[in-house]
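Spelled out, the chains give:
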Amino acid sequence: MSDAAMTRREWLLTDRPQSRLQARLGRAYVAWRRFTANRLAVIGLVIILGLVFLAIFAPLLAPHSPYIGDLAKARLLSPGPGHWLGTDDQGRDILSRLIYGSRLTLQVVLLVAVIAAPIGLLVGTVAGYAGGWVDAVLMRITDIFLAFPKLVLALAFVAALGPGIGNAIIAIAITSWPPYARIARAETLTVRNSDYIQAVQLMGASPWRIVLRHIMPLCISSLIVRVTLDMAGIILTAAGLGFLGLGAQPPLPEWGAMIASGRRFILDQWWVAAAPGVAILIVSLGFNLLGDGLRDALDPRGSGQ
Amino acid sequence: MSAVARLKPARRANRRAYGRLKSVAGFLVVVATTYLGLLAVTFFIGRVVPIDPVLAIVGDRAPAHVVERVRLEMGLDLPYYQQFWLYMKGVLSGDFGTSVLTTNPVMADIRRVFPATMELATVGTIIGALIGIPLGVLAAVKRGSFTDQVVRIIGLVGYSVPIFWLGLLALLVFYARLGWVSGPGRIDVVFEYTFTPVTGFFLLDAILNRDWAAFRDIVSHIILPASLLGYFSLAYISRMTRSFMLNELGQEYIVAARAKGLSETRIIWGHALRNAAVPLVTVIALSYAGLLEGSVLTETVFAWPGLGLYITNSLQNADMNAVLGGTIVIGSVFIAINLLSDVLYRMLDPRTRSR
């Protein structure tokens, strides 16, 4: 058994991989070993997996309904058996609301990433590969968006679009893409003059094909790291918008909005506002730890910094 | 031959002056286009995104003739490029329109509330730098140790905590339960008639007036929100300080200083930190700009009468002129600080000067 494990390890770490698959698996194995050597990063991964687990199985895990509370008997109960984190002013179980809220948090984070990362990737790679005035114009636009304070710009957008979780996601996505464009451009500049690109050019590939098939894949790993690191910021911005009443609207159990509604009872029933804040803190800490770990694992140049 | 040699320095000086002129011109172009972009984005948000910008300003209960008048006043019957031209002219001459909520010109409102935000952000940055830099230095010197890990965790939590939530809890603990600090607002009502603001920076005003009772009260009001913002910037400052210090401590001049037998304290604080200080100036400037943004949420929690509270109040009342005016001002300060840090970096680091 141990002999088989040894050979599998050797197979993964070999200097002369026989197939593309073997080379990829070997690379992944090395990155995974480096990642798991970082205890904090593993904690981050566990937190995020826990969040995903909660979001998927929310109906099974939540002990009560997140929307319907017992107004007559269960208003603002303190934490205890039956309601482990207490109840809010409408008699709703806070723990259940937090569990369902994980779906909203995950939704915001994923949608922002899905919208913003491709925009940044496209702008950055095109600017980097085309160069000249295309580069100048695209990067000027990127810089203009970078010059804006994110939260304030998102606020203004939501003010114009109207409050709601969909508009909050759009606003955050619009303000998040510029750093991705910068990273993608920097990566593109390092590879655009390399031999393999010249080889593809000689074979007659169109610029679009080169950008899409041969440059973009190389930008992905540094982009993933940056997106993961940004997710904590996205969660905080979304929670901030929710807190100001501009994000998810009641009765949605969005964590920021829950803090806002618990604010009125902060003096006597502090747990109503405290619990969702702890949830936000844990999840964004998880994303930060995971992002740090990914950066160290995928990009050894920046480790230790 | 000798004539050429004599000519050379003059030509080189010329070329250098030309290069400098070119970089200054390029700099101005960057400033101008960035600002133009800022105006374009706010114009887009205010005029193009809303389904009916007039409705966004006068509300849905205004009579038809008012709506029509405002539509003409705003020039909404004109094509977009003319509208943008008018908008740009207005903003550049300091006219952001009138606030529906306060009925004052938005510019006058902003001038009134902005010093409060500046004061908060300034005190916050000072706190963040005073604690963040030593923490970062410590973490770099004891790299990999328990101290390093603790500093890292402190920083990570600072990056991850929702600042408005921390503010609420801090108010609960330090104001409501312990009574160590004063509650929301900038100054107690008691001082409303005896205290006359001069500069708008209350701490400075109290010192100028030699009103020590008011000074104590202002300090006890500002300490909590400023500490929170300070923690926010501490996370960033300590992380960057650590990274800069690690970079410096690996340099050869440190080995040389050790070989000369200098004390470790001298090497760390006198040599390494002094060289790390150049990029640190940029970091502190950027974190100051970040605090202007962080103040939006903090001011809401602490009822701090600054620009952040002004923007959120206006948002809640669908007062679009005020929101956009506030956005433009914060955006402009952001741009200004970014450029300023760039200039400072060039001035402080002799290596970038010749280029």
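Here the structure is a predicted model, which is why all the values come from computation and not from measurement.

Cut-offs used in this document
- What you see as residue numbers is a count from 1 along each chain, following the sequence as written.
- By the order in which they are written, chains take letters starting at A while ligands take numbers starting at 1.
- Per-residue local features of the predicted model are confined to residues with pLDDT of at least 70, and side-chain atom pairs are confined, for both listing and counting, to 80 or more; whole-chain, interface and lining totals are unaffected and use all residues.
- Calculation of side-chain values draws on the structure's entire complement of heavy atoms; hydrogens and water are dropped beforehand.
- Each helix is a run of DSSP H or I of at least 4 residues and each strand a run of E of at least 2, with the numbering of both proceeding from the N terminus.
- Only protein chains enter the accessibility calculation, which uses a 1.4 Å probe; a residue whose area is less than 20% of its type maximum is buried, one above 50% is exposed, and one in between is partly exposed.
- Between N-to-C directions, angles cover 0 to 180 degrees, with each direction set by a line fitted to C-alpha atoms, over the stretch in contact for helices.
- What sets the label is the angle itself: under 35 degrees gives roughly parallel, over 145 gives roughly antiparallel, 65 to 115 gives roughly perpendicular, and the rest give oblique.
- Crossings are classed by handedness, with left-handed meaning an anticlockwise turn of the near helix from the far one by less than a right angle and right-handed meaning a clockwise turn.
- Residue contacts follow a heavy-atom distance rule, with two residues in contact if any of their heavy atoms lie within 4.5 Å.
- Basically, the charged four are Asp, Glu, Lys and Arg, the nonpolar ten are Ala, Val, Leu, Ile, Met, Phe, Trp, Tyr, Cys and Pro, and anything else, Gly included, counts as polar.
- Accessible surface is computed with a 1.4 Å probe, and the buried area is the amount of it that two parts give up when combined, taken over both parts together.
- Should a side-chain nitrogen of Lys or Arg be within 4 Å of a carboxyl oxygen of Asp or Glu, the pair is scored as a salt bridge.
- Here the limits of each domain have been adopted from an automatic or database domain assignment.
- We call a set of buried Ala, Val, Leu, Ile, Met, Phe, Trp, Tyr and Cys residues a nonpolar core when their side-chain atoms join them within 4.5 Å.
- UniProt positions are given in the numbering used here, feature names are shortened, and annotations may be inferred rather than shown by experiment.

Chemist: How would you explain the overall build of chain B if you had to name every residue and give the values?
Modeler: Assigned secondary structure in chain B consists of 13 helices and zero strands. Counting from the amino terminus, helix and strand elements in chain B follow one another as α-α-α-α-α-α-α-α-α-α-α-α-α. Projected onto its principal axes, the C-alpha positions of chain B cover 85 × 75 × 40 Å. Looking at chain B as a whole, 46% of its 355 residues are labelled buried.

Chemist: Lay out the packing of helix α5 (residues 106-141) of chain B against helix α13 (residues 320-348) of chain B in plain terms, naming residues and giving numbers.
Modeler: All names here are of chain B. Here α5 crosses α13 at 55°, and the two axes come no closer than 10 Å. Compared by their axis directions, α5 and α13 come out oblique. As for how α5 packs across α13, the hand of that crossing is right-handed. Of α13, the residues touching α5 (which contributes Val106, Ile110 and Phe114) are Asn321, Ala322, Gly325, Gly326, Val329 and Val333. Per-class residue counts for the contact of α5 with α13 are six nonpolar, three polar and no charged.

Chemist: Summarise the interface of chain B and chain A; cite the residues concerned and give the values.
Modeler: Counting from both sides, the interface comprises 48 residues of chain B and, opposite them, 42 residues of chain A. Counting the surface lost from both chain B and chain A, the interface buries some 4000 Å², and carbon and sulfur atoms represent 74% of this. The interface formed by chain B and chain A holds two salt bridges in total. With its nearest N and O atoms 3.2 Å apart, the salt bridge here joins Asp292 of chain A to Arg152 of chain B. Contributions of two or more residues to the side of chain B that touches chain A are made by α1 (2-48), α6 (146-160), α7 (163-177), α9 (212-249), α11 (264-302), α12 (307-316) and α13 of chain B. A per-element tally of the side of chain B that touches chain A places α1 of chain B first, with nine residues. A per-class count over the side of chain B that touches chain A returns 30 nonpolar, twelve polar and six charged.

Chemist: Go over the domain arrangement of chain A, please, and point to the residues and values.
Modeler: Residue and element names in this part refer to chain A. Splitting chain A by domain gives domain 1 (1-37) and domain 2 (42-298). If you average the C-alpha positions of domain 1 and of domain 2, the two centres end up 33 Å apart. Taken residue by residue, the interface counts five residues in domain 1 and eight residues in domain 2. For the domain 1 and domain 2 pair, buried surface summed over both sides reaches about 490 Å², with 77% attributable to carbon and sulfur atoms. On the domain 1 side of the interface with domain 2, the three residues burying the most area are Ala31, Arg34 and Phe35, jointly 85% of the side's total. Counting across the interface, domain 1 meets domain 2 through zero salt bridges.

Chemist: I'd like a description of the nonpolar core, backed by residues and values.
Modeler: Judged by nonpolar contacts, the single largest core of 150 residues is most densely connected at Phe287 of chain A together with Ile45 and Leu307 of chain B. With 17 residues, the single largest contributor to this core is helix α10 (residues 207-243) of chain A. Filtering out sequence-adjacent residues up to four positions away, Phe287 of chain A remains in contact with Ile48, Leu51, Val109, Thr228, Met231, Ala232 and Ile235 of chain A. Counting 18 residues, the second largest nonpolar core, distinct from the first, contains Ile254, Ala257, Ala272 and Val283 of chain B.

Chemist: Lay out the domain arrangement of chain B with the relevant residues and their values.
Modeler: All names here are of chain B. Along its sequence, chain B is organised into domain 1 (3-73) and domain 2 (113-352). Between domain 1 and domain 2, the C-alpha centre-to-centre distance is 29 Å. Facing eleven residues of domain 1, the contacting portion of domain 2 comprises eleven residues. Residue assignment for the side of domain 1 that touches domain 2 shows that the elements contributing at least two residues are α1 and α2 (53-58). When residues in the side of domain 1 that touches domain 2 are grouped by element, the largest group, nine residues, is from α1.

Chemist: Can you tell me about the packing of helix α12 (residues 271-298) of chain A against α6 of chain B, naming the residues and giving the values?
Modeler: The contact between α12 of chain A and α6 of chain B brings their axes to 8 Å, and the two run at 120°. One finds that α12 of chain A runs oblique with respect to α6 of chain B. Seen along the crossing, α12 of chain A lies across α6 of chain B with a hand that is right-handed. Contacts between α12 of chain A and α6 of chain B involve Ile280, Leu281, Ser284, Leu285, Asn288, Leu289 and Asp292 of chain A on the former and, on the latter, Arg152, Leu156, Val157, Tyr159 and Ser160 of chain B. Of the residues in the contact of α12 of chain A with α6 of chain B, the class split is seven nonpolar, three polar and two charged.

Chemist: Residues and numbers for unusual backbone geometry, please.
Modeler: A cis amide bond links Pro250 of chain A with the next residue in sequence, Pro251 of chain A, at an omega value of 5°. In this structure, Pro251 of chain A sits in the loop between α10 and α11 (255-262). A positive phi angle, near 55°, is found at Arg210 of chain B, a position not held by glycine. Tracing the backbone through its elements, the reader meets Arg210 of chain B in the loop between α8 (202-209) and α9. Here Arg210 of chain B falls in the exposed class, since its relative accessible area comes to 64%. Phi at Ala303 of chain B is positive, roughly 50°, even though this residue is not glycine. Assignment of secondary structure puts Ala303 of chain B in the loop between α11 and α12.

Chemist: Summarise the UniProt feature "transmembrane region" (unreviewed entry) in chain B; cite the residues concerned and give the values.
Modeler: All names here are of chain B. As annotated by UniProt and renumbered to match this structure, "transmembrane region" (unreviewed entry) occupies residues 21-45, 120-141, 153-176, 218-237, 276-302 and 322-345. Here residues 21-45 runs as 100% helix and 0% strand, with 36 Å between its end C-alpha atoms. Here residues 120-141 runs as 100% helix and 0% strand, with 32 Å between its end C-alpha atoms.

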